[in-house]
Each structure stands twice: as C-alpha cells, then as structure tokens.
Amino acid sequence: MTQPIDTSIYAAITEAIQAEAHRILAEGEVTAIVGYAAARRKGSAQPIIITDAADSVKLIFTPACVNNLAVYLTKAKKDIPKNGKIGIVVKGCDLKALSGLMGESQLKREELYLIGVPCAGVLASTVCPDQELTGDSIAPKCTECDAHLPTGCDFVPAETLVTPELERKYAVEIARLEALTPAERWVYWKEQFAKCIKCYACRQVCPFCFCEQCLCDRNKPQMVDTTPRPAGNTAWHIVRAMHLAGRCAGCAECERVCPMDIPLNLLNRKMAKELKELYNHEAGFEVLDKGPLNMFTEKDDQSFIK
Amino acid sequence: MWPPKKGNHSGLPLPLRPHMQKQITQQNLNILLDSLIKEGIRVVAPHMNGGTPLYEPLTCSADMNTGQLPRRSAKEAFFPVCEDIMTYEKEGQKVTVTDIDPVRFPETVLVGVRPCDAAAIPVLDAVFSWDYKDEFFLERRRKTTIIGLACTTADDACFCTAVGLSPAETKGSDLFLTPLVGGGYVCETYSDKGEQLITNHKELFSDTGGAKTLPLAQPETGKIDLKKVKAWLDEHFEDPLWDGIATRCVGCGACAFVCPACHCFDIVDEGTEKAGTRRKNWDACGFWKFTHHASGHNPRDGQPKRYRNRIMHKFKYYDDKFGQTLCSGCGRCVRVCPVGIDIKAIIDTILNSEC
Amino acid sequence: MQPTKQNTFEPKIIAFVCTWCTYAGADLAGTSRMQYPSNVRVLKFPCTGRIDPVFILKAFQQGADGVLVSGCHPGDCHYIAGNFHARRRFAVFRKLLEFVGVDLNRLQFSWVSAAEGGKWVEVVTDLTEKVRSMGPMTEFKELAMEEQWSGAINTPELQEAYNSI
C-alpha cells in the first residue's frame with residue numbers, strides 16, 4: 001500500500017490559484033480570500049485569510065493543505081471580515097460541507113467565490129508535514145473520495161486529474177466492527193473514548209458545529225458531563241455523532257485533528273451508511289432544502305417500532 | 001501574598017547537584033521497573049496505546065516504549081486530566097461531604113520523561129504552591145520520583161534549545177538517564193529521591209566505565225532572546241499582530257491540553273441532587289467559555305484576544321510572577337494544532353518586528 | 001427461602017411518552033384497572049418529536065435498565081408531523097447506539113394511542129420481562145466508575161461512593 005500518489009499537478013494548481021486570487025482581489029470581486037499558505041516547518045501549510053492582492057503569492061496547494069476552510073465561513077468564526085463577497089479555496093470534500101451549510105441557510109452562494117481545487121488526496125496527519133503522499137500516508141477519507149473534481153465552482157484551476165484507486169479504509173473498518181458483538185464493540189469504543197481529553201478540537205474544526213452555545217457547554221440542564229472521564233467522553237461522542245447524522249459532509253476534520261487519534265469519522269461514516277440505506281441520502285455538491293432528518297415520508301421504515 | 005516572592009514555596013526539596021553517577025544496563029533497568037511494579041509502586045512511562053504514544057502506568061517493563069515523544073505531557077502524573085476532590089451524599093436533610101484524602105495517592109515512579117516534560121514540572125510547582133498550597137498537586141509531587149531521559153531524536157517542531165533548555169536538560173529530574181552506545185544508560189542523581197532509588201537497588205547499578213554516550217538530538221532552533229520577547233509583549237497588548245496570527249485559531253483546547261506547562265483547570269460538580277462528586281479537570285484559555293461571565297459578558301470576546309492570552313501568559317505574565325518562561329519548547333502544540341498555529345513562528349515574528 | 005440476587009432484580013424502565021396518545025393510553029390502562037409491572041417510570045412530553053435522543057442516553061447513564069419511547073400512531077400526531085420526524089431520528093439513533101455497543105433489546109419504541117390501554121400494558125410488560133431476563137444494564141454504570149489513569153485512586157470508600165450514585 002506504499003504506492004506513491006501523483007500530486008504533480010498541485011504545482012500548476014498553486015500557480016493558477018495565485019493568479020486568480022490576484023485578479024479577483026485586484027478587481028474588487030471579493031474582499032477576502034480564505035486559502036492555504038506555507039508555514040514555518042518544512043512542508044507544512046496553514047489556513048490564511050488574505051485581503052490584499054499582493055498577498056496572493058502566499059497561496060499554495062500541497063498534500064499538507066488538509067484543512068476544511070469552510071469552518072471559517074460559519075457563525076462560529078466571527079473574526080473573519082464579512083463585508084463583501086469572500087473567496088475560498090475548496091477541495092471536493094470541503095465543497096460538500098459548503099453545500100450543506102447553504103442548505104442549512106448558514107451561507108448564501110452569491111456571497112461566495114469558489115475556487116474549486118481538483119484534489120488527488122491530502123495527508124492523514126500533519127504531525128510530520130514533510131512526507132510524500134502515498135497509499136499509507138493519505139487521509140483515510142481520500143481512499144473513499146467521490147469528489148476529486150469539485151463542480152459548480154466559479155473557478156477551477158485544472159480540469160483533469162489522475163486519481164488513485166485505493167482500498168476503502170472506512171468501509172473495511174466499519175465492516176470489521178459490524179461483525180463484532182455489541183459487547184465487543186462497547187469494549188472497542190470504551191478504549192477509544194477513554195483517551196479523549198475534551199479539548200473539543202473535533203467540535204471546533206467542524207463546519208457543522210456552528211451552534212452559538214453547544215449543548216455540551218450548557219449546565220442548565222447538564223445533559224452531558226463535561227469532565228474528561230470515560231462516562232462524559234462517551235456521552236459527548238455519541239451526542240456529537242447524532243447531531244451530525246444527516247449533516248456531516250465527510251471532510252473527516254474531526255478525526256484528523258484529534259490529538260488522541262480517536263477514529264471519530266468512523267462514527268460519522270457509519271451514520272452516513274445508515275442514512276444511505278434508510279433514506280437514500282448522501283452528502284453531495286447539491287444544495288438540499290432539507291436534510292434527511294428534517295424531513296420524512298409516510299412510508300418510512302418503522303419495523304423497529306411496536 | 002501579592003506579588004509572590006520568587007523562590008521555593010512548595011516545600012519540596014530543592015534539587016541537588018549531581019553527586020552520584022552510575023551506569024545501568026537496559027536489562028537491569030527493566031528488572032528495576034518490574035520489581036517496583038511488584039512492590040505496588042505505580043510505574044508510569046511512555047507506552048504505545050494503539051498507535052498513540054502516551055505516558056501510562058505499566059503492567060510490565062517490556063511495555064515501555066521511549067521511541068516517540070508521548071502525545072500528552074508528563075504533567076498529568078501530578079495534575080490529572082480529571083480528578084475527584086470531594087464527594088457528597090444527601091439523605092433526607094442530612095448531607096455528608098467526604099473530602100478525597102491526598103494521602104491515598106499512589107507512590108509513583110515516572111520513568112523515561114523527556115527533558116522538556118521534566119523541566120516544566122518545577123514550573124508547575126511554583127504555580128501550585130506560591131499562595132494556595134494545592135495539596136492534590138503537591139502530594140502527588142512528593143510521592144513521585146522522576147527519571148528523566150536525554151533525547152536522541154528531535155523533529156522540526158522541537159524547540160527546547162530556543163527557550164534555554166536542551167536535550168540533556170536535567171531540571172526537574174530526580175535521576176537522569178543518558179543512553180550509551182551499545183545500550184544501557186549513564187545515570188546521574190539530582191535529588192535525595194533519586195539517590196534513594198539507586199541505594200535501594202544498588203545491585204542493579206554499576207560504576208561508570210567511561211562508556212560513550214549516544215549523540216544527543218540537535219533541535220534546529222538556536223536560543224532566542226526571551227527578554228526581548230517579553231519586552232515586546234510588555235508594550236504590545238494591543239497590536240495588529242494578534243489579529244494577523246490568531247484569526248485562524250478555531251478555539252479548541254488541544255494546545256493547552258498537550259502542553260507540559262499549561263495548568264488551568266475548572267471545577268465542576270457532577271451527579272444528582274442525591275449524590276455526586278466535585279471534580280477538577282483541565283481547562284484552556286482558548287475556549288470561548290473560559291472567560292464567559294454569568295452575566296453573558298465575555299471580556300475576551302474574540303479568538304485573537306484568547307490566543308493573545310496564551311502567548312502573554314507563557315512569555316510575559318508568568319515571567320512577571322515567577323521569573324521563568326511558561327514554555328519548555330516541546331513543540332507539542334505545534335504538532336497538534338488543527339490549523340497549524342506555530343508558537344515558535346510567532347516568537348520569531350515578534351523578535352523580527354521593528355517596534 | 002433466602003432470595004438469590006438473580007430473582008430479586010427489578011429492572012428500572014424509563015418511559016418517555018407523548019402526552020396526547022401514549023400518556024392518555026397509560027391513563028386508560030390505569031382507570032380500567034389493568035395490571036402492569038410497576039417497574040416503569042413514565043415521563044410525559046408534549047410529543048415524541050420533543051424527545052431528544054440525549055434523554056435516552058441520560059436515562060441509561062442514570063441507571064435505567066431499559067428505555068421505552070412511545071407516542072401517537074403515524075398520522076395521529078397532535079402537531080401533524082412530530083412523530084414522523086421522531087421516527088427517522090430514532091431509527092438513526094438506534095443504529096448509532098448499536099454501533100457503539102449498546103444492546104438494542106433494552107430500547108423499545110412503540111405507538112400507543114389514547115384508546116390502547118391494553119397495548120400499553122402489553123408493551124410495558126414485554127419490555128420489563130425482556131429486560132428482567134437480561135439482567136441489569138451494567139455498561140454505563142461501570143463506565144461511570146472509570147477514571148483516566150491519572151485521576152484514579154480506587155480506594156474502597158470511593159468505590160462505595162460511586163456505587164451509591
């Protein structure tokens with residue numbers, strides 16, 4: 001599985017992003033652009049918000065451009081200037097999140113200028129950012145990606161892309177867990193959740209966790225114990241997965257940022273799988289008026305109800 | 001009590017100069033750890049939990065794995081992620097409150113501690129003992145012997161050398177191990193506790209035979225002028241720099257929770273009206289809720305203000321109070337930050353700024 | 001004869017019900033003097049659509065051995081569609097609980113109308129007997145006693161204090 005992944009096109013993408021960013025900022029089409037820039041450590045990248053056309057040379061696209069920048073456009077992030085149209089660099093998975101946010105009336109399409117990046121994959125972790133993109137180092141989400149080429153964007157830096165064929169890491173792991181007994185699964189998740197330290201990185205990077213006050217930050221009533229003990233951790237992760245069911249776009253940021261390596265996206269993928277089976281719902285580029293849990297049909301399955 | 005007097009308030013013994021130098025083989029170190037475990041002492045060491053390196057209690061010395069810097073720092077041996085401080089019970093009109101007695105904390109040997117983690121421990125001592133003596137922290141400290149381990153590898157997030165420490169720093173260690181070429185360690189004592197440990201197991205140690213130590217890690221960063229950083233911070237509470245670097249901060253607590261020196265905590269009651277527990281758990285200044293008042297007002301009402309506090313506390317406030325820096329350069333926050341915020345890069349920016 | 005631990009186990013069943021149908025149905029069972037296990041504690045909500053999945057989680061955490069959620073039949077919702085929304089939400093929540101390892105035999109959903117006192121008795125009796133045969137729900141109780149290693153002191157007194165919670 002150490003097959004190298006072809007990312008040679010990323011250099012051309014970087015150039016095209018810089019040129020387009022310069023144009024739209026200089027012509028006043030947008031007031032700010034959210035993109036990626038190189039950081040101090042070799043190979044590393046970090047989100048950047050630029051408002052000056054001269055800064056457009058800072059923008060890059062590399063396998064270390066892991067972030068879903070959609071989080072910067074949500075209500076949770078009040079610090080981004082929103083006094084005009086905003087440009088944003090999006091990969092396919094990020095665009096799904098933006099579509100979801102539009103469906104939930106958090107964003108308006110006409111207020112955005114989308115730079116849709118064709119993406120063969122990004123790194124799973126940026127603890128060591130200076131590494132080749134291979135079948136091993138690639139983010140698990142990229143092994144199941146059906147959105148390498150974003151569509152419906154205002155600007156696409158390249159039209160073609162060599163995309164890798166990889167083993168679907170989540171599908172394999174979910175199948176493994178489903179084959180276990182409930183008691184075995186309980187043990188598995190207990191070990192995973194026990195590591196949690198409630199840093200809430202999973203919540204803070206999630207584009208869909210835009211509540212002004214999280215249920216888990218409320219103490220009247222205190223529905224979820226706030227302490228980082230196994231009990232409170234388990235409750236938090238169950239609540240998180242439930243609140244994202246039918247909304248999660250699969251960017252897997254929660255899992256990537258977890259400093260304790262808890263496979264959080266497994267929960268989200270499992271929910272996505274069930275929603276596909278039950279209600280034929282899948283996160284995509286299309287903006288839906290209502291998510292699968294905000295609507296119903298009279299014929300919905302109720303075989304589990306007496 | 002304000003301002004705090006500089007010096008030792010913790011009542012913990014001050015470190016000694018090294019006055020015992022011995023040698024121990026890897027095999028004998030394992031025998032030592034196993035016999036400690038058998039004695040009922042909690043032996044905490046770097047260990048692989050799945051694919052994640054963490055400091056955790058060992059059940060057998062073979063589980064120790066010092067290959068990688070643990071994801072969380074060693075501070076949790078004294079300052080747990082979450083600990084009980086009292087329990088309550090209510091029956092009719094009668095309320096019984098039971099304090100947790102720190103005497104019951106386990107005797108611990110913390111082994112394989114990286115110099116950056118060990119050096120942060122005396123920094124924490126100062127905070128937990130200058131005014132209010134936190135018996136929960138101090139009792140755990142008294143009951144713990146720290147065996148440091150020199151670093152032979154570093155990555156580009158490491159910057160201990162920048163804050164005046166080094167891969168061979170012995171600050172905070174009771175006993176310090178330096179790996180030898182061909183296996184085994186040189187073992188130096190820096191406190192009575194360390195000496196006691198050697199004395200109790202002297203058959204496992206031998207005199208140093210002039211064996212060569214492994215070359216130590218060389219983090220790429222040179223020493224930075226912390227005085228200059230502080231001088232800049234003294235003058236720039238309001239500065240455009242904060243917006244520039246911290247707008248990208250998403251407001252999680254990852255940096256503070258993996259940090260060996262961050263020490264903020266929250267106290268919460270959990271349970272029902274009939275019975276429950278008061279608990280102390282880690283908190284972080286990056287959280288929106290950290291400074292949120294009951295009135296609804298939040299004096300740090302934006303992420304740049306919260307991030308500024310992190311930098312200010314590390315390089316200015318703590319220095320003002322205790323004459324030290326609240327950062328040991330372990331680089332953990334650099335590695336785990338979801339949005340790639342790099343504290344070393346920020347310090348560089350501050351040093352390079354004109355005014 | 002000294003009763004053994006097994007046959008003295010009385011399951012705690014929490015029932016989250018809607019006020020318009022199931023609560024009235026349970027009331028009918030009562031006024032009709034029908035007998036059903038007293039293990040069930042009924043909590044009344046305006047609608048099944050108001051029953052947040054986190055309530056179910058909380059019930060298990062606070063010591064419930066079984067949970068029942070019950071409301072109006074599809075099409076009978078006092079608020080037109082509350083139970084349709086609830087149906088989808090609970091269908092998904094069940095799958096989540098199953099995936100983290102909760103035995104779904106402890107969680108029952110039902111539609112019980114105001115006229116179905118008999119069905120209420122049947123649903124409650126079935127769930128109670130099923131849970132009784134399964135024994136106490138220990139997963140969440142054990143979890144509540146666990147600590148991160150650094151906070152653990154595990155003294156007998158503490159253990160006792162936790163057991164009483």
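Residues numbered from 1 in each chain as written. Chains lettered and ligands numbered in written order. Predicted model: local features only at pLDDT ≥ 70, side-chain atom pairs only at ≥ 80, totals over all residues.

The helix and strand inventory of chain C stands at seven helices and four strands. For chain C, the N- to C-terminal ordering of α and β elements is α-β-α-β-α-β-α-β-α-α-α. The buried share of chain C, reckoned over its 165 residues, is 50%. In chain C, the share of contacts with a sequence separation of at least 24, taken over all contacts with a separation of at least 6, comes to 80%. (Helix = DSSP H or I, 4+ residues; strand = E, 2+ residues; numbered from the N terminus. Buried ≥ 20, exposed ≤ 12 C-beta atoms within 10 Å, placed from the backbone. Contact = placed C-beta atoms within 7 Å.)

The next subject is the pairing of strand S8 (residues 175–179) of chain B. All names here are of chain B. Where burial is concerned, most of S8 is hidden: four out of the five residues are buried. Pairing geometry for strand S7 (residues 144–149) and S8, over three bridges, is parallel. Each bridged residue has a counterpart across the sheet, and for glycine 148 the counterpart in S8 is phenylalanine 176. Sheet topology places S8 next to strand S9 (residues 185–189); five bridges connect them, and they run antiparallel. Bridge pairing links leucine 177 to cysteine 187 in S9. In this structure, the hairpin formed by S8 and S9 is closed by a connection of five residues, where glycine 182 is found at a positive phi of approximately 85°. (Pairing = 2+ DSSP bridges.)

Moving on to the sheet that holds strand S2 (residues 42–49) of chain B. Across a sheet, paired strands are connected by hydrogen bonds in the backbone, their directions being either parallel or antiparallel. Taken together, eight strands build an open sheet; the order of strands is S3-S2-S6-S7-S8-S9-S1-S10 (chain B) and the sheet is mixed. Whereas interior strands pair on both sides, the edge strands pair on one side only; in this sheet they are strand S3 (52–57) and strand S10 (206–207) of chain B.

For any part of a model where pLDDT is low, the fine detail of the predicted coordinates should not be relied upon. Residue and element names in this part refer to chain C. Of the residues in chain C, 88% reach a pLDDT of 70 or more, and the chain-wide mean stands at 89. When pLDDT is averaged over each element of chain C, strand S1 (residues 13–18) comes out on top at 97 and helix H7 (residues 156–164) at the bottom at 50. Across the assembled chains, the prediction reports ipTM 0.92 with pTM 0.93. (pLDDT = per-residue confidence, 0-100.)

All names here are of chain A. Secondary-structure assignment places valine 117 in the loop between strand S4 (112–116) and helix H3 (169–178). Residue class for valine 117 comes out buried when judged on the 30 C-beta atoms lying within 10 Å of it. Sequence separation of valine 117 and threonine 2 is 115 residues, and the distance between their C-alpha atoms is 25 Å. When neighbours within four sequence positions are excluded, valine 117 is seen to be in contact with Ile13, Phe61, Val89, Val90, Lys91 and Pro157.

A few words now on helix H1 (residues 26–38) of chain B. Residue and element names in this part refer to chain B. For H1, spanning 13 residues, the distance from its first C-alpha to its last is 18 Å, which sits close to the expected 18 Å at 1.5 Å a residue. Among the residues of H1, those classed as buried are Leu29, Leu32, Leu33 and Leu36. The buried side chains of H1 occupy one side of the element, clustering within an arc of 95° when seen end-on. Residues of H1 that are exposed and angled more than 90 degrees away from the buried face: Gln27 and Lys38. For H1, the secondary structure elements touched by its buried residues are strand S1 (21–24), S2, strand S6 (108–113) and S9. (Expected span 1.5 Å × (residues − 1). Arc of directions from axis to C-beta.)

All names here are of chain A. Along the chain, the position of glutamate 191 falls in helix H4 (residues 182–194). C-beta crowding within 10 Å serves as the criterion here: with 13 such atoms nearby, glutamate 191 is assigned to the partly exposed category. Remark: the alpha-carbon pair of glutamate 191 and proline 230, spanning 39 residues in sequence, is separated by 8.7 Å.

This part takes up the interface of chain A and chain B. Each partner contributes to the interface: chain A provides 34 residues, whereas chain B provides 36 residues. Among the secondary structure elements, those contributing two or more residues to the side of chain A that touches chain B are strand S2 (45–50) and helix H5 (201–204) of chain A. If one sorts the elements of the side of chain A that touches chain B by residue count, S2(A) sits on top with four residues. Tallied by class, the residues present in the side of chain A that touches chain B amount to 17 nonpolar, seven polar and ten charged. (Nonpolar A, V, L, I, M, F, W, Y, C, P; charged D, E, K, R; others polar.)

Ranked by internal contacts, the top residues of the largest apolar core, which has 247 residues, are Ile88(A) and Leu96(C). Not counting residues within four places of it along the chain, the set of residues in contact with Ile88(A) comprises Val34(A), Leu69(A), Leu73(A), Leu112(A), Leu114(A) and Ile115(A). (Core = buried A, V, L, I, M, F, W, Y, C linked by C-beta atoms within 7 Å.)

As a further point, take the pairing of strand S4 (residues 82–91) of chain B. All names here are of chain B. One ladder, built from seven bridges, connects S4 with strand S12 (residues 275–282); its direction is antiparallel. The partner of tyrosine 88 across the bridge, within S12, is glycine 276. Counting the residues in the hairpin turn of S4 and strand S5 (residues 94–99) gives two residues, including glycine 92, whose phi is positive at 60°.

A word on the sheet that holds strand S3 (residues 66–71) of chain C. Residues and elements named next belong to chain C. Taken together, four strands build an open sheet; the order of strands is S2-S1-S3-S4 and the sheet is parallel. The sheet terminates laterally at strand S2 (40–45) and strand S4 (107–111), the two strands that pair on one side only. For this sheet, the mean inter-axis angle between neighbouring strands, taken without regard to orientation, is 20°. For S3 and S4, the ladder comprises five bridges, and the chain directions are parallel. Counterpart to leucine 68 in the pairing with S4 is glutamine 108. Sitting on the sheet, helix H3 (residues 53–61) is in contact with S1, S3 and S4, with an inclination near 150° to S3. Docked against the sheet, helix H5 (residues 117–134) engages S1, S2, S3 and S4, running at close to 165° with respect to S3. (Axes fitted to C-alpha atoms, helices over the stretch in contact; angles between N-to-C directions.)

To continue, consider the packing of helix H6 (residues 230–244) of chain A against helix H8 (residues 264–279) of chain A. Residue and element names in this part refer to chain A. Put simply, H6 and H8 touch, their axes get as near as 9 Å, and they point 40° apart. Put simply, H6 runs oblique to H8. Regarding H6 and H8, the two cross each other, and that crossing is right-handed. For the pair H6 and H8, contact is made by His237, Ala241 and Leu244 and by Leu267, Asn268 and Met271, respectively. Partitioned by chemical class, the residues of the contact of H6 with H8 number four nonpolar, two polar and no charged. (Parallel < 35°, antiparallel > 145°, perpendicular 65-115°, else oblique. Left-handed = near helix turned anticlockwise from the far one by under 90°.)

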